[in-house]
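Spelled out, the chains give:
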Amino acid sequence: MISFAKPLFLALSAFLILPVLIHLIRRQNALNIVFPSISWILRGKLPREGRRKLRDIFLLLLRLLLFSAVILALSEPVLNKIAAEQGKQKSQIALIMDSSSSMSGWNSLDNLQSAVSELVKKNPDAEFFLIRSADSPECLLSSSKSKGEIMKTADSLKASEFRGNHAKAFEKALELFDRDASKKIVVLSDFQRSDWDFPDEFRIPAEIPVEFLDVGSNMKENVGIVSASRSLNDDGSSELILELKNYGEKIQKRNIAVKTLLEEKKSAIEILPGKTARASFRLDKGEHGKILAQTDCDEYQKDDSFHIWLDAPKARKIYVFIPSEREPERADDALFIQKAFQTRNEAESANFEVFVFDVEEFSNVIFDDATLIFLCGACAYLKEEDFSMLRACMKNGIPIVATPGRASGNSFSVLSREKLLSTEYQGFFNSLKAREYMRISPKMQNSFIKELFGGSANADLFLFPIYRYVKLVPKAPAETLLSTLDQYPFLLRQQNGEAAIFAFSLDFNLAWSEFPISGSFVPIMREIAGSRKKNLGGAVAAFSCGDKVPDSLKNVFPDGKAAMPGVYETGEENAIQVNAPESESIPEKQSLFVLREKLCSKTANSKTAGANLQSGESGRSFFDILAILALAALIFESILALLLESREELRNSLKQDTANA
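Residues numbered from 1 in each chain as written. Predicted model: local features only at pLDDT ≥ 70, side-chain atom pairs only at ≥ 80, totals over all residues. Heavy atoms only, no water.

Our next topic: the confidence of the model for the protein chain. With 83% of its residues at a pLDDT of at least 70, the protein chain reaches an overall mean of 82. Mean pLDDT in the protein chain bottoms out at helix α14 (residues 607-612), which sits at 39, and peaks at strand β18 (residues 400-403), which reaches 96. Every residue in residues 533-539 is under pLDDT 50, and counting partners more than four places away or in other chains gives 24 contacts. (pLDDT = per-residue confidence, 0-100. Helix = DSSP H or I, 4+ residues; strand = E, 2+ residues; numbered from the N terminus. Contact = heavy atoms within 4.5 Å.)

Right under this line is the structure:
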């Protein structure tokens, strides 16, 4: 079957009448005869002109062919082999059924099963593939026409505990299709925005239609428990602090219950739309072990429960390395770091111990129980074996904080050489030379910094003066979390395996800035220390369902990822908290228009398309043939027009010679 990519150009075919009209209107040129005298010529009447007739039919046909070829070429006709053989082909439909955690709420699964029933009724002769899609795809039913079998499989679908990652489900569907079948993909999902973020290079072949069915139309309001923390009181009791978030657009009231081994405690709070609220519970000294926090059930229930392990909190160890002999002023940096982690915070559940070492002792320190490592001007003095230990620490999830020190150029050059931080060093900013202080720009990237300070331009973070800093130019994968007003990085982060390296462009010293005595220093330091979620060194490890876990936890999670919500004891006086992923609690949808534009490209030039399209399946375009035909018609028309003109001139010349004779 022939289809047209730009059918509007076919309207130009109405102008094909023009060459015919031109041929009819054109008069034959009169023949001039030289005559000696007109006195012998009798007056007569001009003969009546008869019906006009088409002359030079072959020339007219060539011109019509030329115009037709141009019009057809502009309309881009395509011979669709699949459409041409559709009557002979079997029809195959792949149903990608979202089974991520969010599908357990808002009646989404019931709506999905009803939608599958309607699809089977509308396509009685089609073969169906049923693919379950959550964090990874699974083919539940392969090539079936049985309505009973299809509905039984769809009705058995359950929502998983994991967040969605649906790109692989499309790849699975493309693998299942037969080469000579009529193909179609139908996606049944609540289209939660966090689950439908595809890489830009991913495309569905243009020859395969994709239909999106939203089965989460009721996805609007939700309240969930997002975190739990504990602070110790002087009398040995503690405060358990729960944080709840209202993801909807209405004010919500919630009752909260905390169940310990000894008793059940209750409270009630009111949460504004899009905001968080805290509920505090006083726990006696003897209360410990597993705790379950619950709030009123709503349409998405997986985040209405939160599993907590309550034990005597052990100190989280911070290791600070300074070149004490080469740069004695780095002792001030260590002092500010110690004060930052000794400050008590009511909402902070962990206690910290800070240990300061000379950089020469790096290879003698055991980092198994470390929470965070500071390299205050120490990078330039580390040895090759020290960097090997540093990589091992990051592989185990321990974040690193680096500052420049005196040898700032060497510090960042060696980090770049060791592929820990991709930057280019471009010298110093010095306020004495610039005659003005620098400050931090209020324009922030989406990161924990923006969440910490709420994006407010009046925060203390943007007010303290900066006297000196190192000018760095980051390169991927390094990213800028904070920048100065002249757009140089103030704080960089680069993910390396399980942990990240954080690099400041200044030292924690009052000769460089007043950052260490600002109100922003302590929360930023503690937030960086808290970036190690997977810390097992005397603290509780917190994961979301589906998170990858370190190799040391493979005995608890053989699949290498956190499974069902709950508290898992490791047998080493430590425990692992696993709760529902927060991203699944957000009732914000992906635009189907944006999703279609992103996935359903008109050109199948991606690796996915190329791997799954066989030669001869795609439509064949006639543009090249029509362009060559139009060019040939133009050439022959020009030659024929010249020949006819020469013939006419020769004929007139013969008539003139005859008249003269």
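Here the narrative resumes.
Moving on to the sheet that holds strand β9 (residues 238-246). Taking strand neighbours across the sheet as the criterion, the three strands line up as β8-β9-β12 in an open arrangement whose pairing is antiparallel. Two strands lie at the open edges of the sheet, namely β8 (223-232) and β12 (276-283), each paired on one side alone. Ignoring which end each strand starts from, the neighbouring axes of this sheet average 20° apart. Across eight bridges, β9 lies against β12 in antiparallel orientation. Bridge pairing links Glu-239 to Arg-282 in β12. (Pairing = 2+ DSSP bridges. Axes fitted to C-alpha atoms, helices over the stretch in contact; angles between N-to-C directions.)

Quick look at the side chain of Lys-265 now. Structurally, Lys-265 is set in strand β11 (residues 264-271). Taking relative accessible area as the criterion, Lys-265 reaches 15% and is therefore assigned buried. Here Glu-263 takes part through its side chain, which lies 2.5 Å from a polar atom of the side chain of Lys-265. Here Lys-265 is in contact with Ile-256, Ala-257, Val-258, Phe-281, Arg-282, Leu-283 and Glu-287, once residues within four sequence places are set aside. (Buried < 20%, exposed > 50% of the residue type's maximum accessible area, 1.4 Å probe, protein only. Polar contact = N/O pair within 3.5 Å; in protein donor to acceptor, adjacent residues only side chain to side chain.)

On to the nonpolar core, then. If you look at the biggest cluster of nonpolar residues, it comprises 76 residues, and the most contacted ones within it are Phe-341, Phe-374 and Met-525. Look past the residues within four positions of Phe-341 in its chain and what remains in contact with it is Ile-318, Phe-352, Val-354, Leu-372, Phe-374, Met-525, Arg-526 and Ala-529. (Core = buried A, V, L, I, M, F, W, Y, C linked by side-chain atoms within 4.5 Å.)

Within the open sheet, the five strands sit side by side as β5-β4-β3-β6-β7. Their pairing is mixed. The sheet is open, and its two edges are formed by β5 (137-144) and β7 (210-214), each paired on a single side. On average, each strand axis in the sheet is inclined to that of its neighbour by 15°, with strand direction left out of account. By the bridge criterion, five bridges tie strand β6 (residues 182-189) to β7 in an arrangement that is parallel. When the sheet's bridge partners are listed, Val-186 is paired in β7 with Glu-211. Strand contacts of helix α5 (residues 147-155): β3 (91-98), β4 (127-133) and β5, with the helix running at about 165° to β5, the strand carrying the most contacts. Of the strands in this sheet, β3, β4, β5, β6 and β7 touch helix α6 (residues 167-176), which is tilted by about 155° from β4.

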